Every structure is written in structure tokens, then in C-alpha cells.
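Residues per chain are reported as follows:
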Amino acid sequence: MTQEMDFAARLEKIKQLARNQGGMMQEKQVRDVFADMHFDEGQMKLVFDYLAGQKIGIGEPLNPEDYLSEVEIDWLDSYLESLTGLAELSDGEKEAVLLSAMAGDGDARRRLTEIYLPQVVDIARLYAGQGALLEDLIGEGNVALSMAVQMLETAGNASEAEGLIGSMIMEAMENHIAENTQQAQTGQKIADKVNRVADQARELAESLGRKVTLAELADETGMSLFELKEAVDLSGDAIEDIDSAGGR
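Residues numbered from 1 in each chain as written. Predicted model: local features only at pLDDT ≥ 70, side-chain atom pairs only at ≥ 80, totals over all residues. Heavy atoms only, no water.

The name that an unreviewed UniProt entry assigns to the protein chain is RNA polymerase sigma-70 region 3 domain-containing protein, with the source organism given as Candidatus Eisenbergiella stercorigallinarum.

Written out as C-alpha cells, the structure reads:
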């Protein structure tokens, strides 16, 4: 394993530990993970800055609502209000429902889903500000919760069942964030490509005193006609310095 891969793996380990600890790590825990890499304080600061960007508190949990917009906060308040009618259960009552759900009781599974709805919100808050709307995270978590309660017969005991529910909820939210991030990166790459072609077309058009054809732009830039045509299509034929009607 390269040093870069090792470093990335350790960061993932910290992120998982933080989620298990309510979105936080003790400073000593973080330093211990990297102890044998002998980082100086400047390098450790970069690690702590990265963790802060991942919404991981050091020494104490961050306030997830600091990363929510006013619209998200208003929506969350309304959603939480809709959950206030759910009856609270003692730990013993909750375990009884869980065991019945594990045994395949349909009513218990529906009740268990209701019991876990507030926990989905708590988990979603840990992922606030990471590239997905809180409403969407909760929606993904609720779907995963519904799926998890139908799979509880695979758990050997109540503790495993609870772990299955929590891990499926977190995985669903993480996958949603990853998909959003990938889409955003793809969108940025497309925008960068269109802007690059537009800039080059503008420079050549200013030199020639007229709009340019794709063939002329290909000769000037070394880009293929396919690449240039793709950029024009992606822009919706909005690159104004290219003569879209000729020279394709």
C-alpha cells in the first residue's frame, strides 16, 4: 500500500469512528491514528481542517444545524413536529418490538419503523453540509430503514438487528452524498470544457475579426472536431464566437 493510500485509509477509519461516536473524535484519538507517520503540527492541522470540513468535531460534536439553510431548518422543524405524535417507548418496550419484528411480525415491523424515524433524523444531521439536502438524506434514510426492518431475520440478536438498521441508514445517506458529489463533479467538468472551448473560440475570433468554424478552431487548438462539436452541443449551441452552421 502506498503512503497516499495508507493515509486515505486512516482518514476513512477516523470518519467511521466519528460516526459511531456521534460525529466527534477526541484529539488524542486522531493523533494516535497517525502517530507512526510522524506528522508535524502543520500536517496535523491539515488533518484537523479536513475533519472539520467533513463535519467531524474534535473534543465535542459540531452543531449540525450550522450547516443548514433557513429553508432546511424550517423544513426540519415541520418534519420533527409531524413526528411528535409517535408514542415514546421504554428501552424494554423497544426491545420487545424489535424482537417481534425479528420474528417476522408485520405490526411490529411497522411500529419499529416509526420508532426509528427520529433516529434517521439524528443520523442525517451528522451528514449535514456534505453536498446533499437534509430532506433528501432523511428520505434516503427512511427508505433504507423500511428495507432494513424487512431483513431483521438475518440478525442473530437484538444488538445485531440494531446495527443492521443503523448501518443501512448510514450507507444509504453516504451513497446519496457520493452520487451528488459525482454529479457535481461531472457538471463542473462539462462547464470547464465548454468554457475552455468558448475562450479559445473568442481569442481566434478576435484575431480573425469574425466567427470561426469548428475546422479552424481544431487547426488552431489541436482539439479534435469531435471534442469541439461535443462542447458546442453541451452548450446548447450557445458559444457565440463559433459559426455553428459552417465548417463542421
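Trainee: So what's going on with the overall build of the protein chain? Which residues, and what values?
Mentor: Tallying secondary structure elements over the protein chain gives 10 helices and two strands in all. For 248 residues, the compact-globule formula gives about 18 Å, and the C-alpha radius of gyration of the protein chain, at 26 Å, lies well above that figure. In terms of overall dimensions, the protein chain has C-alpha extents of about 80 × 50 × 35 Å along its principal axes. Burial statistics for the protein chain: of 248 residues in total, 36% are counted as buried. Excluding contacts between residues fewer than 6 apart, the proportion of contacts in the protein chain whose partners are at least 24 apart in sequence is 64%. For the protein chain, the accessible area works out to roughly 14,200 Å², and carbon and sulfur atoms hold 50% of it. (Helix = DSSP H or I, 4+ residues; strand = E, 2+ residues; numbered from the N terminus. Rg over C-alpha atoms; globule rule 2.2 N^0.38 Å. Buried < 20%, exposed > 50% of the residue type's maximum accessible area, 1.4 Å probe, protein only. Contact = heavy atoms within 4.5 Å. Areas by Shrake-Rupley, 256 points an atom, 1.4 Å probe, with all protein chains shown as cover.)

Trainee: Before we move on, can you summarise helix 3 (residues 41-53) with the specific residues and values?
Mentor: With 13 residues, helix 3 ought to run about 18 Å at 1.5 Å a step, and its terminal C-alpha atoms sit 18 Å apart, in line with that. Within helix 3, burial applies to M44, V47, F48 and L51. The buried residues of helix 3 occupy an angular sector of 95° when projected down its axis, which confines them to one face. Summarising the geometry of helix 3, the exposed residues directed more than 90 degrees from the buried face are K45 and L46. (Expected span 1.5 Å × (residues − 1). Arc of directions from axis to C-beta.)

Trainee: Lay out the side chain of H176 in plain terms, naming residues and giving numbers.
Mentor: Structurally, the position occupied by H176 is in helix 8 (residues 158-208). If we skip the residues at most four places from it in the chain, H176 touches A132, D136, L137 and E140.

Trainee: I'd like a rundown of the packing of aromatic side chains, residues and numbers included.
Mentor: Applying the stated criterion across every chain, the model contains four aromatic pairs. Among the aromatic residues, ring-to-ring pairing joins F7, F34 and F39 into one connected group. (Phe/Tyr/Trp six-rings, centres within 6.5 Å; stacked < 30°, edge-to-face > 60°.)

Trainee: Explain the layout of surface pockets residue by residue, including any values.
Mentor: Within this model, the second largest pocket holds a volume of roughly 180 Å³. Around the second largest pocket, the lining residues are R19, N20, Q119, D122, I123, L126, E162, G163, G166, S167 and M170. Mapped onto the lining of the second largest pocket, the elements with two or more residues apiece are helix 1 (3-20), helix 6 (106-126) and helix 8. Here the lining of the second largest pocket takes five residues from helix 8, the largest share from any one element. Of the residues contributing to the lining of the second largest pocket, the split by class is three nonpolar, five polar and three charged. (1 Å grid on protein atoms, 1.4 Å probe; cavity = no way out; pocket = protein on both sides within 12 Å on 5 of 7 lines; lining within 4 Å. Points joined across faces, edges and corners; volume = space filled by probe spheres on them. Nonpolar A, V, L, I, M, F, W, Y, C, P; charged D, E, K, R; others polar.)

Trainee: How would you explain the pattern of salt bridges if you had to name every residue and give the values?
Mentor: Enumeration over the complete set of coordinates arrives at 16 salt bridges. Residue R31 pairs with E27 through a salt bridge whose shortest N-O separation is 2.9 Å. One end of the pair, R31, and the other, E27, are both in helix 2 (residues 27-33), four residues apart, so they sit about a helical turn from each other. Assessed through its relative accessible area of 27%, R31 is described here as partly exposed. R31 is the partner of E41 in a salt bridge, and the nearest nitrogen-oxygen pair spans 3.0 Å. One end of the pair, E41, is in helix 3; the other, R31, is in helix 2, and 10 residues separate them in sequence. (Salt bridge = Lys/Arg side-chain N within 4 Å of Asp/Glu carboxyl O.)

Trainee: Summarise empty space enclosed by the protein; cite the residues concerned and give the values.
Mentor: Applying the stated criterion across every chain yields a total of one cavity of 30 Å³ or more. The calculated volume of the largest cavity comes to roughly 90 Å³. Lining the largest cavity we find K15, A18, R19, G23, Q54, K55, I56, L126, Y127 and Q130. Ranked by the residues each element gives to the lining of the largest cavity, the list is headed by helix 1, at three residues. Of the residues belonging to the lining of the largest cavity, the class tally is four nonpolar, three polar and three charged.

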